[in-house]
Amino acid sequence: MRTPVFRIFFCVACLVAMPLQAQTVRFYIGTSEGEGIVMADLDTTTGALGPPTLAIELKKPGFLAVHPSKPLLYTTTDGPGDAKDGGVAALRVNSDGSLTLLNRVSSQGRGPVYLSLDATGQTLMVANYGSGSVASFQILEDGSVSEARSVHQHRGQGTDPARQKGPHAHAILPNPSNSFAYAPDLGIDKVMIYALEPAAGTLTPAGSTVIPGAAMGPRHLKWSDDGALAYVINELDLSISVFRPGETPGSMDFITTVSMLPAGAGQTGLTAAEVRIHPNGRFVYASIRDGTAQQRDAISVFRVTGHGLERLKTVPAEVSIPRTFAIDPTGQWLLIGGQKSRDVAVFKIDAETGSPDFQETKILSDVGIISIEVMPAWQ
């Protein structure tokens, strides 16, 4: 299998871990403007990244999601035929790590940027940023994806005249109980809530939660494993809003919003990108992108407290434009992708303090890395 010269919009949405041996995991990289999906290895003893290899040629693969129990991978991509809408594709993972396309269907919206599976692996959900809509699909017996079983168009606008003229669904994922799905919408300052029916592959509107404040721009969301807290990263405000489950099933009650930056730090030219929870549940990480030439790209580290989050430190990301990052399943390594610098920075994580210690960077593409998603190893 050849090693391509990558044109990667590194869905590093796209770092998806697979077991190889006791001290190595395999990951897949979405190359949105490259030749296809790439695979590589991470040594969990040393943190060394292996050379990337083309796993499949596929046009514009983006954010990735791995099936919870089967050798299947799903990606955002171009829509089939001449459709203006985007697409989602189902892929089989072969024994050598290469990928085989099973099928591709319309995402039922423009600009799909995020997808996830429910905990049982029966339903695939996608967020369409361009059209401000979400859709759900049934996973068929052979692993392929059905045509959309439900599609929901978001409505409204926010207060930022440049970024919030209309809805922009930026993510969608289920809660730990697998009963509801949550879709942060950057354009309307809300998290839209849907009742999830995994066996049917459907989503049913179940209300929404407003992010307190103006021009917040909710982008991504992560639930703690026990479902006690949800962390919503706000792209425009550079903050994380913390919620708990409400009394009404599926609802969310606001607790607090914490800044990603030290007091007095300037925000001009900065935007927030990704939020992740350490596997031990004690720490939360969030990335900051600098759109200027001031090299303020960073990762903020938070401690989970009884009342929300406490920011511990903000450290240089060691890449330019860290659109997203990943934590390997062992919790030892933080991998940050540079959208502008085209490299991946490796940090060693201290499990007791949560502090990331920079190790090295490695060029993995000839264009920008846009996202990284590390998934649990198959059981």
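Located above this text is the structure these notes cover.
Note that the structure is predicted; figures quoted are calculated from it, not measured.

Asker: Would you mind showing me how to read the overall build of the chain here?
Answerer: A count of helices and strands for the chain gives zero helices and 28 strands. Entry remark: accessible area of the chain is about 14400 Å², with carbon and sulfur atoms responsible for 49%.

Asker: Before we go on, may I ask you to explain the pairing of strand S20 (residues 252–259) in this structure?
Answerer: Side chains on a regular strand alternate between the two faces of the sheet. Two strands pair when backbone bridges link them, and strand S19 (residues 239–245) and S20 are joined in this way by seven bridges, in the antiparallel orientation. Along S20, the bridge assignment pairs Arg244 with Asp253. Hairpin geometry of S19 and S20 is characterised by an intervening segment of six residues between the two adjacent antiparallel strands and by a positive phi of about 90 degrees at Gly250.

Asker: When you look at the pairing of strand S27 (residues 343–349) in this model, what are you seeing that I'm missing?
Answerer: Buried residues dominate S27, accounting for six of its seven residues. Pairing geometry for strand S26 (residues 333–337) and S27, over five bridges, is antiparallel. Among the inter-strand pairings, Trp333 is bridged to a residue of S27, identified as Lys348. Where S26 folds back onto S27 in an antiparallel hairpin, the turn is made up of five residues, including Arg342, whose phi is positive at roughly 70 degrees. The turn linking S27 back onto strand S28 (residues 356–363) is made up of six residues, and Gly354 within it adopts a positive phi angle of 80 degrees.

Asker: Explain the pattern of salt bridges here, please?
Answerer: Pairing between side chains of opposite charge can happen when their charged atoms approach one another. Within this structure, the stated rule accounts for 10 salt bridges. In this structure, Asp78 engages Lys59 in a salt bridge whose closest nitrogen and oxygen atoms are separated by 3.7 Å. Of the two residues, Asp78 is situated in strand S6 (residues 72–78) and Lys59 in the loop between strand S4 (53–57) and strand S5 (64–66); the sequence distance between them amounts to 19 residues. Looking at Lys59, the relative accessible area reads 57%, which means it is exposed. Here Arg276 ties to Glu274 by a salt bridge, and the two come within 3.2 Å at their closest N and O atoms.

Asker: Would you mind showing me how to read the environment of Thr120 here?
Answerer: Here Thr120 shows up in the loop between strand S9 (112–117) and strand S10 (123–128). Judged by its relative accessible area of 42%, Thr120 falls in the partly exposed class. Residues Thr120 and Pro68, 52 residues apart in the sequence, show an inter-C-alpha distance of 7.0 Å. A polar contact of 2.9 Å, which involves the side chain of Thr120, links it to the side chain of Gln122.

Asker: I keep staring at the sheet that holds strand S22 (residues 283–290) and nothing clicks. Help me out?
Answerer: In a beta sheet, neighbouring strands are held together by backbone hydrogen bonds and run either parallel or antiparallel to one another. Read from one edge to the other, the open sheet built from four strands follows the order S21-S22-S23-S24, with strand pairing classed as antiparallel. Each edge of the sheet is formed by a strand with only one pairing partner; in this case those strands are strand S21 (270–277) and strand S24 (308–316). Strand-to-strand twist across the sheet, computed as the mean angle between neighbouring axes with direction ignored, equals 25 degrees. Pairing geometry for S22 and strand S23 (residues 298–305), over six bridges, is antiparallel. Across the sheet, Phe283 pairs through a bridge with Arg303, a residue of S23.

The rules behind these values
Residues numbered from 1 in each chain as written. Predicted model: local features only at pLDDT ≥ 70, side-chain atom pairs only at ≥ 80, totals over all residues. Heavy atoms only, no water. Helix = DSSP H or I, 4+ residues; strand = E, 2+ residues; numbered from the N terminus. Areas by Shrake-Rupley, 256 points an atom, 1.4 Å probe, with all protein chains shown as cover. Pairing = 2+ DSSP bridges. Buried < 20%, exposed > 50% of the residue type's maximum accessible area, 1.4 Å probe, protein only. Salt bridge = Lys/Arg side-chain N within 4 Å of Asp/Glu carboxyl O. Polar contact = N/O pair within 3.5 Å; in protein donor to acceptor, adjacent residues only side chain to side chain. Axes fitted to C-alpha atoms, helices over the stretch in contact; angles between N-to-C directions.

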